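# Descriptive analysis of the structure
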Amino acid sequence: MLDNLESSYDCARAGDDLHRLKQELASLRGQGREDQVTQEQINRLENQIAFIMNKCDINHE
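Report follows, based on the coordinates. (Residues numbered from 1 in each chain as written. Predicted model: local features only at pLDDT ≥ 70, side-chain atom pairs only at ≥ 80, totals over all residues. Heavy atoms only, no water.)

### Considering the overall build of the protein
The helix and strand inventory of the protein stands at two helices and zero strands. With respect to the principal axes defined by its C-alpha atoms, the protein has extents near 35 × 20 × 15 Å. Split into buried and exposed, the 61 residues of the protein put 26% on the buried side. A fraction of 62% describes how many contacts in the protein between residues 6 or more apart in sequence connect residues 24 or more apart. Accessible surface for the protein amounts to roughly 4400 Å². Of this, 43% is attributable to carbon and sulfur atoms. In the protein, which carries 7 positive and 12 negative side-chain charges, the distance between the mean positions of the two groups comes to 1 Å. (Helix = DSSP H or I, 4+ residues; strand = E, 2+ residues; numbered from the N terminus. Buried < 20%, exposed > 50% of the residue type's maximum accessible area, 1.4 Å probe, protein only. Contact = heavy atoms within 4.5 Å. Areas by Shrake-Rupley, 256 points an atom, 1.4 Å probe, with all protein chains shown as cover. Lys, Arg positive; Asp, Glu negative; His and termini not counted. Charge placed at Lys NZ, Arg CZ, Asp CG, Glu CD.)

### Structural notes on the state of the cysteines
Overall, the coordinates contain one disulfide when judged by the stated rule. Two residues share a disulfide in this structure: Cys11 and Cys56, whose sulfurs sit 2.1 Å from each other. Disulfide Cys11 to Cys56: torsion about the S-S bond roughly -90°, handedness left-handed. Pair noted here: Cys11 is in the segment before helix H1 (14-30) and Cys56 is in the segment after helix H2 (36-55), with a separation of 45 residues, a long-range link. On the basis of relative accessible area, Cys11 is assigned to the partly exposed category, the value being 33%. Given a relative accessible area of 17%, Cys56 falls into the buried group. (Disulfide = S-S within 2.5 Å.)

Rendered as structure tokens:
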């Protein structure tokens, strides 16, 4: 998970960041835990992925 995503995010890092964030998301989902902390982490990762994709004009897969 990235610490801070701001409007000044550098899209040159998007490829690496998206890859890492998607791996973290898949790992959390694969754990099968449904507690509130895990769900909050999943939501934050999904939001970070969406932010980068929107900011950097990347087509959704």
